[in-house]
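This is what each chain is made of:
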Amino acid sequence: MKFSEVIGQQDVQERLVQMVREDRLPHAIMLCGPNGSGKMALAVAFACYLLGKSDNPDNPEKPESPMLAKLEHPDLHFTYPTIKLPSMSTDHKPVSDDFAREWHELIMQGPYFTLDQWLNAIGAENQQAIITAGESDELVRKLSLKSSQGGYKVSIIWLPERMNIECANKLLKLIEEPPTQTVFLMVCEEPDKLLETIRSRVQRIDTKKIDNDIVRQALIDRRGISEDAAQRISRLANGSWLKALEALQAGTENEQFLDLFIMLMRLAYQRKVRDLRKWSETMAGFGREKQKRFLQFFLRMLRENFMYNFQQEELIYMTQEEEDFAKNFARFINEANILQLYDLANLAIRDIGQNANAKIVFFDFALRIIVLLIQK
């Protein structure tokens, strides 16, 4: 993969290449930033640059090696969250290699994907994927081997915040005393969840939201859509290529979430407790990651409906369907309840993340909304 395949983030690309040129490349880099900004794309492109200099600006015509084009280079190692399958023995600690085929299929479709797409690929259902201590043992083994090509060895760790504590402590030791010519590239969504000792030993590089004009042009060039459609989608995407891709797909998850949001608000306003219990049972039937994504969608709808009351078009980021509902509903999200609603949703996100009973969480969530909607 080449840097030219990364959407935007030109300043980060130049910074990474400059560190190599000036011979001051740290052994551990952590790429942080909003979802959809292209952190994984940057990590993969930089890994290919290190392993093959295939996108060297000094030699832009040099072709990419087949091994790198297929992401099958022996000195490129991927680490990612996994689950324990029923077929695994009780003492087996799942490692990335257990799911190497699924990972390769997903990443070869493109380096822009969500955790949910990965969970679906491995059949995670209701399980929460983690990086186990077995993974750190595997990394020690792999990285202790001599580079097959005589150059760098690159370890890309996707979502290191999902390491359990045993794995994190073992990885810390590996980062403190890295094998020769080894570079760790961490792609992190929630850096605050990482051990402070790990954060202090990596060089953090933050990515920003992608400029709307860059998203718009990428939609035209890569997806072949019209200028008008690209303009609308890029604004809705708000700096996330993942959201732009979602908007292109018919029948997206967001449409389902909008229906659930509308149903919740209508039932709460009408105080239909029996129907709200059925709604909560529907929500409980989803996997925990999907439940958390709905609650994030709920938070976005709160923000958009609150801002809709100010009638400032440049501050509103909604689809036409979302705006159609907001025309009559937005007035119910106001200064009297917006903060309490936000706190309520964040509390539900925390409880779901801690494996609380989803039926109880969502029924309580729905009942509390009844009270908050009537506040003036």
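Heads up: these notes are all about the structure in this document. If you're wondering where the values come from, they're calculated on a predicted model, not measured in any experiment. (Residues numbered from 1 in each chain as written. Predicted model: local features only at pLDDT ≥ 70, side-chain atom pairs only at ≥ 80, totals over all residues. Heavy atoms only, no water.)

1. Examining the overall build of the chain
A tally of helices and strands in the chain yields 17 helices and five strands. Relative to its length of 376 residues, the chain is compact, with a C-alpha radius of gyration of 23 Å against a globular reference of 21 Å. Taken along the three principal axes of its C-alpha coordinates, the chain extends 70 × 55 × 35 Å. Per-residue burial for the chain yields a buried fraction of 51% across its 376 residues. Taking the contacts inside the chain whose residues are at least 6 apart along the sequence as the reference set, 74% of them involve residues at least 24 apart. (Helix = DSSP H or I, 4+ residues; strand = E, 2+ residues; numbered from the N terminus. Rg over C-alpha atoms; globule rule 2.2 N^0.38 Å. Buried < 20%, exposed > 50% of the residue type's maximum accessible area, 1.4 Å probe, protein only. Contact = heavy atoms within 4.5 Å.)

2. Quick notes on the pairing of strand E4 (residues 182-188)
For E4, a buried count of seven out of seven residues is recorded, marking the element as mostly surrounded by other parts of the structure. Burial of E4 is two-sided: the residues Thr182, Phe184, Met186 and Cys188 facing one way and the residues Val183, Leu185 and Val187 facing the other way are all buried. With five bridges connecting them, strand E1 (residues 28-32) and E4 associate as parallel partners. The residue bridging Cys32 from the neighbouring strand is Cys188, located in E4. Where strand E3 (residues 153-158) lies against E4, six bridges are found, and the strand directions are parallel. Bridge pairing links Ile156 to Leu185 in E4. Note that the unit made of E3, helix H7 (residues 165-176) and E4 has a crossover that is right-handed. (Pairing = 2+ DSSP bridges. Right-handed = clockwise from strand over helix to strand, strands pointing away.)

Take it as geometry only, folks, not as evidence of what the structure does.
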